[in-house]
Amino acid sequence: MYTTFTPSHRGGCGSPLVCLHGFTGTWRAWELVLPMLEREHDVLALTLPGHAGGPPIQGDVSSELVADAVERALDAAGWDTAHIVGNSLGGYVALQLAARGRAESVVALAPAGGWAAGDTSYLKTADFFATLQEEMKRVAPHAESVVATDAGRRQATQLITTNYAHIPTELLVNHIVGIAACAWTRPLIEQAVRDVYPLDAAQISCPLRIVWGTGDRLLPWPWTAVRFREDWVPHAEWVELDGVGHCPQLDVPLETAQLITGFTAR
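One structure accompanies this document, and this report is about it. Since the model is a prediction, treat every value here as computed from it, not as a measurement.

**Topic: the packing of helix 6 (residues 150–157) against helix 7 (residues 169–180)**
Part 1: Contact geometry of helix 6 with helix 7 gives a least axis separation of 11 Å together with a crossing angle of 50°. Considered as vectors, helix 6 and helix 7 are oriented oblique to each other. Like other packed secondary-structure pairs, helix 6 and helix 7 cross with a definite hand, here left-handed. Seen from helix 6, the contacting residues are Arg153, Ala156 and Thr157; seen from helix 7, they are Thr169, Leu172, His175 and Ile176.

This is how it looks when you write it as structure tokens:
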């Protein structure tokens, strides 16, 4: 069960809501907020293509590949549009889908792609993910032992959350093994470095809320949000979470769920 990976989860009732996880993750990154979201929405949480349990990637890797796959999932669900929530890579993809007219609203948690023009620090982020996966491949066979101690749990979560004691052991094991099993890590990194996250922001017309933790160590606030704040979506509603890390849905699940459902209810 700890290392079972599936392409999606669907539950709840109400207006459609799609949840998109970050790079090297799976749909289970939303597990702690799903019960609250499903009280208000018909929730579809997807594992992105090339990730553990997600659909395989066929053909060339492009900047539109992930958004194309999510559009196909929307079509399969019978949804022309949906509220879309995304974290990191998933936040960027949520904005891509908004530009395509597929979003009723977007809540983006620390979306990727906001580096300022000329800022090459994204290359360090890309190198980090490549190194991280190699480390997780070594750790994965021992993941249960690693997260059995408080020090191990802190080490496993230090780059994604500031609060970690409440995160179930099983979910942490799944997180570690999922990173190790993300088969398309390197091709997706190479694509991101090559294309540097293009976005047709002028086509976005739906309501936007962007949420960023001031304790984010992976995409530090505010300098990894420059293009969003100054060029692409300065009109978005911006929410800062004091001391919260890169994955608010894991870090402060109750507050994050409230930020999502409070926005989609408008």
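**Some words on the packing of aromatic side chains**
Part 1: Applying the stated criterion across every chain, the model contains eight aromatic pairs.
Part 2: With a centroid separation of 5.9 Å and 45° between ring planes, the pair formed by Trp115 and Tyr197 is classed as tilted. Of this pair, Trp115 sits in the loop between strand 5 (103–109) and helix 4 (121–139) while Tyr197 sits in the loop between helix 8 (185–195) and strand 6 (208–213), and the two are 82 residues apart along the sequence. For the pair shown, Trp115 and Tyr197 are each scored as buried.
Part 3: Measuring from ring centre to ring centre gives 5.3 Å for Phe128 and Phe129, while their planes differ by 65°; the resulting arrangement is edge-to-face.
Part 4: Residue classification places Phe128 among the partly exposed positions, given a relative accessible area of 25%.
Part 5: Taken together, the aromatic side chains of Tyr92, Trp115, Tyr122 and Tyr197 make up a single cluster linked through ring pairs.

**Re the pattern of salt bridges**
Part 1: For the structure shown, the criterion picks out 12 salt bridges.
Part 2: Glu134 is paired through a salt bridge with Lys137; the nearest N and O atoms lie 3.6 Å apart. Pair noted here: Glu134 and Lys137 are both in helix 4, with a separation of three residues, about one helical turn.

**Quick look at the state of the cysteines**
Part 1: One pass over the structure, following the stated rule, counts zero disulfides.
Part 2: In this model Cys13 remains outside any disulfide bridge; the closest cysteine sulfur is found in Cys19, 15 Å from its own.
Part 3: Here Cys247 is not disulfide-linked; the sulfur of Cys19 is the nearest cysteine sulfur, at 13 Å.

**Quick word on helix 11 (residues 253–264)**
Part 1: Between its first and last C-alpha, helix 11 extends 16 Å over 12 residues, near the 16 Å set by a 1.5 Å rise per residue.
Part 2: When we look at burial in helix 11, the residues that qualify are Pro253, Thr256, Ala257, Leu259, Ile260, Thr261, Phe263 and Thr264.

**Quick word on the side chain of Glu170**
Part 1: Note that Glu170 resides in helix 7.
Part 2: Given the relative accessible area of 17%, Glu170 is considered buried.
Part 3: For Glu170, the side chain forms a polar contact with the side chain of Arg28, separated by 3.0 Å.

**Some words on the sheet that holds strand 4 (residues 82–87)**
In sheet architecture, strand pairing relies on hydrogen bonds along the backbone and comes in two forms, parallel and antiparallel.
Part 1: With respect to topology, seven strands assemble into an open sheet ordered 1-3-2-4-5-6-7, the strand pairing being mixed. Of all the strands in the sheet, just strand 1 (8–11) and strand 7 (237–241) have a single pairing partner and so form its edges. Taken over all neighbouring pairs, the strand axes of this sheet differ in orientation by 15° on average, direction set aside.
Part 2: Both strand 5 and strand 6 contribute to a ladder of four bridges, which runs parallel. Counterpart to Leu109 in the pairing with strand 6 is Val211.
Part 3: Contacting strand 1, strand 2 (15–20), strand 3 (41–46) and strand 4, helix 2 (residues 65–77) runs over the sheet at an angle of about 140° to strand 3.
Part 4: Lying over the sheet, helix 3 (residues 89–99) contacts strand 2, strand 4, strand 5 and strand 6, oriented at roughly 150° with respect to strand 4.

Conventions and cut-offs
Residues numbered from 1 in each chain as written. Predicted model: local features only at pLDDT ≥ 70, side-chain atom pairs only at ≥ 80, totals over all residues. Heavy atoms only, no water. Axes fitted to C-alpha atoms, helices over the stretch in contact; angles between N-to-C directions. Helix = DSSP H or I, 4+ residues; strand = E, 2+ residues; numbered from the N terminus. Parallel < 35°, antiparallel > 145°, perpendicular 65-115°, else oblique. Left-handed = near helix turned anticlockwise from the far one by under 90°. Contact = heavy atoms within 4.5 Å. Phe/Tyr/Trp six-rings, centres within 6.5 Å; stacked < 30°, edge-to-face > 60°. Buried < 20%, exposed > 50% of the residue type's maximum accessible area, 1.4 Å probe, protein only. Salt bridge = Lys/Arg side-chain N within 4 Å of Asp/Glu carboxyl O. Disulfide = S-S within 2.5 Å. Expected span 1.5 Å × (residues − 1). Polar contact = N/O pair within 3.5 Å; in protein donor to acceptor, adjacent residues only side chain to side chain. Pairing = 2+ DSSP bridges.

Honestly, it's all geometry; don't read function into it.
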